[in-house]
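Breakdown of the fold
The chain contents come next:
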Amino acid sequence: MKAIKIGIITFFIVAFLLIIMLLNAGPPKPIVLSEGKKITVLQGTYCWSKFTGSECVDKISPSSIIDNNKIVPFSVSPQSEIKINFKKQPIDEIEVEMEHLGESKKIKVEGNVFSAPIEKGKYIYIISGRWKK
């Protein structure tokens, strides 16, 4: 009988801790695919409301994040489709900004898909979304 009580108490403590962890999770990371292959995604600057309060995290530039994490560029075919998936969809459209040769440009996204450019080169994509949090 004592073992059952301890088991029930342990279950509720674990459940409570898991709920708190989920409520305090940060923004969702997208899964980005091209030609059926997963592209590495890194977390950048964000603001997020948690159970314990709101926080804004200001990170270094996207190119510096890539360099500091020693990310190897992912090659895609010219004009291939790049698909963005979130476990929980943003409330607004997903926005994508492309950086190339020091210039930045907004990219058209339709149905969470955009196309790679025709010209070869190193491109960095910044994906943004808004959620109720």
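Okay, so let's go over this structure. (Residues numbered from 1 in each chain as written. Predicted model: local features only at pLDDT ≥ 70, side-chain atom pairs only at ≥ 80, totals over all residues. Heavy atoms only, no water.)

**Things to note about the layout of surface pockets**
Considering only enclosed or pocket space, the largest pocket measures out at about 1300 Å³ in volume. Along the walls of the largest pocket sit 48 residues, with Thr-40, Ile-124, Tyr-125, Ile-126 and Ile-127 positioned nearest its centre. The set of elements that each furnish at least two residues to the lining of the largest pocket consists of β3 (46-50), α2 (62-68) and β9 (124-128). Looking at the lining of the largest pocket, its residues break down into 32 nonpolar, 9 polar and 7 charged. In this model, the second largest pocket occupies a volume close to 280 Å³. (1 Å grid on protein atoms, 1.4 Å probe; cavity = no way out; pocket = protein on both sides within 12 Å on 5 of 7 lines; lining within 4 Å. Points joined across faces, edges and corners; volume = space filled by probe spheres on them. Helix = DSSP H or I, 4+ residues; strand = E, 2+ residues; numbered from the N terminus. Nonpolar A, V, L, I, M, F, W, Y, C, P; charged D, E, K, R; others polar.)

**Let's talk about unusual backbone geometry**
Here the phi dihedral of Glu-35 falls at roughly 55°; this positive angle occurs in a residue that is not glycine. Relative to the helices and strands, Glu-35 is located in the loop between β1 (31-34) and β2 (37-39). Even without glycine at this site, Gln-79 takes up a positive phi of about 60°. With respect to the helices and strands, the residue Gln-79 is situated in the loop between α2 and β5 (81-85). Here Gln-79 falls in the exposed class, since its relative accessible area comes to 52%. (Buried < 20%, exposed > 50% of the residue type's maximum accessible area, 1.4 Å probe, protein only.)

**Quick word on the pattern of salt bridges**
If you walk through the whole model with that rule in mind, you get 2 salt bridges. A salt bridge links Asp-92 to Arg-130; the nearest nitrogen and oxygen atoms lie 2.6 Å apart. Of this pair, Asp-92 sits in the loop between β5 and β6 (95-100) while Arg-130 sits in the segment after β9; the two residues are 38 residues apart in sequence, bridging distant segments of the chain. You can call Asp-92 partly exposed: its relative accessible area is 39%. Residue Lys-108 is joined to Glu-110 by a salt bridge in which the shortest nitrogen-to-oxygen separation is 3.0 Å. In this structure Lys-108 comes out as exposed when scored by relative accessible area, which is 63%. With relative accessibility at 53%, the residue Glu-110 sits in the exposed group. (Salt bridge = Lys/Arg side-chain N within 4 Å of Asp/Glu carboxyl O.)

**Some remarks on the sheet that holds β6**
A sheet is described by the order of its strands in space; here 3 strands give the open sequence β7-β6-β9, paired in antiparallel fashion. Each having just a single partner strand, β7 (103-107) and β9 make up the two edges of the open sheet. Geometrically, the sheet is characterised by an average inter-axis angle of 25° between neighbouring strands, direction not taken into account. (Pairing = 2+ DSSP bridges. Axes fitted to C-alpha atoms, helices over the stretch in contact; angles between N-to-C directions.)

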